[in-house]
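Each chain, letter by letter, is given below.
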Amino acid sequence: FMMEGGDTVFTVRLGGMPAGDVTVSVARTSGDADVTVQSGATLTFTTANWAVPQLVQVRAAADTDSTNDLAVLT
């Protein structure tokens, strides 16, 4: 949850050690285009850092309507 005109951060980590490098992409897959991934859209996990949380920053741009914006990130 975040307010329009604001940012929020969440973390991603793998549930188990991969056999090799794994790239995870984070993107808005549906919903309002005012919600964007500002940083952390591409995360790389290795056998050394798979359990270390990596940051993803999301921004909800302010707009002029009074409707709550919704988006799905995958």
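See the structure above.
The structure presented is a predicted model; accordingly, all values stated were derived computationally and were not measured.

Quick notes on the rules
Residues numbered from 1 in each chain as written. Predicted model: local features only at pLDDT ≥ 70, side-chain atom pairs only at ≥ 80, totals over all residues. Heavy atoms only, no water. Helix = DSSP H or I, 4+ residues; strand = E, 2+ residues; numbered from the N terminus. Rg over C-alpha atoms; globule rule 2.2 N^0.38 Å. Buried < 20%, exposed > 50% of the residue type's maximum accessible area, 1.4 Å probe, protein only. Contact = heavy atoms within 4.5 Å. Areas by Shrake-Rupley, 256 points an atom, 1.4 Å probe, with all protein chains shown as cover. Pairing = 2+ DSSP bridges. Axes fitted to C-alpha atoms, helices over the stretch in contact; angles between N-to-C directions. Core = buried A, V, L, I, M, F, W, Y, C linked by side-chain atoms within 4.5 Å.

Side note on the overall build of the protein chain
For the protein chain, the count of helices and strands is zero helices and seven strands. Taken from the N to the C terminus, the helices and strands of the protein chain come in the order β-β-β-β-β-β-β. For 74 residues, the compact-globule estimate of 2.2 N^0.38 gives 11 Å, and the C-alpha radius of gyration of the protein chain, at 14 Å, exceeds that figure by more than 25%. Viewed in the frame of its principal axes, the protein chain has a C-alpha envelope of about 45 × 20 × 15 Å. Looking at the protein chain residue by residue over its 74 residues, the buried ones come to 19%. Residue pairs in contact within the protein chain that sit at least 24 positions apart in sequence constitute 65% of those at least 6 positions apart. When the accessible surface of the protein chain is split by element, carbon and sulfur atoms take 55% of a total near 4,800 Å².

A few points about the environment of Gly5
Residue position: Gly5 is located in the segment before β1 (6-12). Spatially, the C-alpha atom of Gly5 lies 13 Å from that of Ser66, the residues being 61 residues apart in sequence. Among residues more than four places away in sequence, those in contact with Gly5 are Ala60, Ala61 and Ala62.

Digging into the sheet that holds strand β6 (residues 54-60)
Across the sheet, three strands lie side by side as β1-β6-β4; this open sheet has antiparallel pairing. Each edge of the open sheet carries a strand with a single partner, namely β1 and β4 (35-39). Sheet twist, expressed as the mean angle between neighbouring strand axes with direction ignored, is 30 degrees. Of the strand pairs in this sheet, β1 and β6 are connected by seven bridges, and their pairing is antiparallel. Within the sheet, the bridge partner assigned to Thr8 lies in β6 and is Val58.

Details of the nonpolar core
Judged by nonpolar contacts, Val12, Leu14, Val26, Val35, Leu43, Phe45, Val56, Val58 and Ala60 together constitute the single largest core of nine residues. Where this core is concerned, the elements lending two or more residues are β5 (42-45) and β6. It is β6 that contributes the most residues to this core, three residues altogether. Once residues within four sequence positions are removed from consideration, Val35 is found in contact with Met2, Arg28, Val58, Arg59, Ala60 and Ala71.

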